[in-house]
Amino acid sequence: MSKSISLRFALTSMLLAAATASQAHTGHGAHGLAEGLAHPFLGLDHVLAMVAVGLWSAIALPVGRRLVGPGVFLAALLIGALLSWGGVAVPAVESSVAASVMLLGVVLFAGRHLPASLGLALTGAAALFHGYAHGSELAVGASAVAYAAGFMGATMLLHGAGLAAGFGLQRLPGWVTRLAASVVSGAGVVMLAARL
């Protein structure tokens, strides 16, 4: 990939992030499995965060522990949703979701230079906010179990895509991974600016 193509890709990604920064959390209420499956795909913030976790796990975690990153994210995602359903007030969720995208881009950029325990802790913290945002979309009287099954399944798909991409990135020069991390982090900055 040439330098000019790489720069165009990064700029296009950031513009897309700005254009779709607030589409995932519309507040009209999800009712079940189908909405749960769709929700993570409807906002670039969720897509970037979940793919970044897969990428980081493939690149930075030992071979036998690569599913730990997605596992931590999924567990914290569910906890975040449960907090929302339990009526626990969490301020500035949308800004925190955007900041988490920026943070996960930094984690990805650091790669193996970041202690795995710290990367996993940051991954879990980010997932709490994403889970809370997902949970807040559940309509009154709707099936929380079906909705959770949907967004957890969609999240696993996005983590899987990130893992697969991460395995591919390891065969490319290191700057390609750093560029991908910079795009994720830059998109998070744009999203955060749009939500402040």
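Residues numbered from 1 in each chain as written. Predicted model: local features only at pLDDT ≥ 70, side-chain atom pairs only at ≥ 80, totals over all residues. Heavy atoms only, no water.

Asker: Would you mind going over the overall build of the chain with me for this structure?
Answerer: On a plain count of helices and strands, the chain comes out with eight helices and zero strands. Each helix (α) and strand (β) of the chain, taken in turn from the N terminus, gives the series α-α-α-α-α-α-α-α. The proportion of buried residues among the 196 residues of the chain is 48%. In the chain, of all internal contacts separated by at least 6 residues, the share reaching a separation of at least 24 is 86%. If you sum the accessible surface of the chain, you get close to 8,900 Å²; carbon and sulfur atoms cover 73% of it. (Helix = DSSP H or I, 4+ residues; strand = E, 2+ residues; numbered from the N terminus. Buried < 20%, exposed > 50% of the residue type's maximum accessible area, 1.4 Å probe, protein only. Contact = heavy atoms within 4.5 Å. Areas by Shrake-Rupley, 256 points an atom, 1.4 Å probe, with all protein chains shown as cover.)

Asker: Help me understand the environment of Ala-194, please; the structure alone is not making it clear to me.
Answerer: Structurally, Ala-194 is set in helix H8 (residues 174-195). Separated by 99 residues in the primary sequence, Ala-194 and Ser-95 have C-alpha atoms spaced 8.8 Å apart.

Asker: Any chance you could explain the environment of Val-72 here in plain terms?
Answerer: Secondary-structure assignment places Val-72 in helix H4 (residues 68-85). For Val-72, a relative accessible area of 27% corresponds to the partly exposed category. C-alpha separation for the pair Val-72 and Ala-125, spaced 53 residues apart in sequence, amounts to 9.5 Å. Excluding residues that lie within four positions of it along the chain, Val-72 makes contacts with Leu-120 and Gly-124.

Asker: Would you mind going over the nonpolar core with me for this structure?
Answerer: Proteins that are soluble and globular tend to have nonpolar side chains buried together. Membership of the largest hydrophobic core comes to 27 residues, with the highest contact counts inside it found for Leu-48, Phe-73, Leu-77, Val-101, Leu-104, Phe-151 and Met-191. Only helix H3 (44-60), H4, helix H5 (93-110), helix H6 (116-135), helix H7 (144-169) and H8 provide two or more residues apiece to this core. With residues up to four places along the chain from it excluded, the contact list for Phe-151 reads Gly-36, Leu-37, Pro-40, Leu-77, Ala-81, Trp-85 and His-134. Counting residues in each nonpolar core, the second largest holds 12 residues, with Leu-55, Leu-61, Leu-169 and Val-176 among its members. (Core = buried A, V, L, I, M, F, W, Y, C linked by side-chain atoms within 4.5 Å.)

Asker: What should I look at first to understand the confidence of the model for the chain in this one?
Answerer: Reading fine detail from the predicted coordinates is not recommended where pLDDT is low. On average, residues of the chain score 86 in pLDDT, and 85% of them reach the 70 mark or higher. Within the chain, the lowest mean pLDDT, 44, falls on helix H1 (residues 3-19), and the highest, 97, falls on H4. Here residues 1-28 is modelled with pLDDT under 50, and outside its nearest four sequence neighbours on either side it reaches 41 contacts, counting other chains as well. (pLDDT = per-residue confidence, 0-100.)

Asker: How should the side chain of Ser-96 be read in this particular structure?
Answerer: Here Ser-96 is to be found in helix H5. With a relative accessible area of 18%, Ser-96 lands in the buried category. The residues contacting Ser-96, other than those within four sequence positions of it, are Pro-91 and Phe-129.

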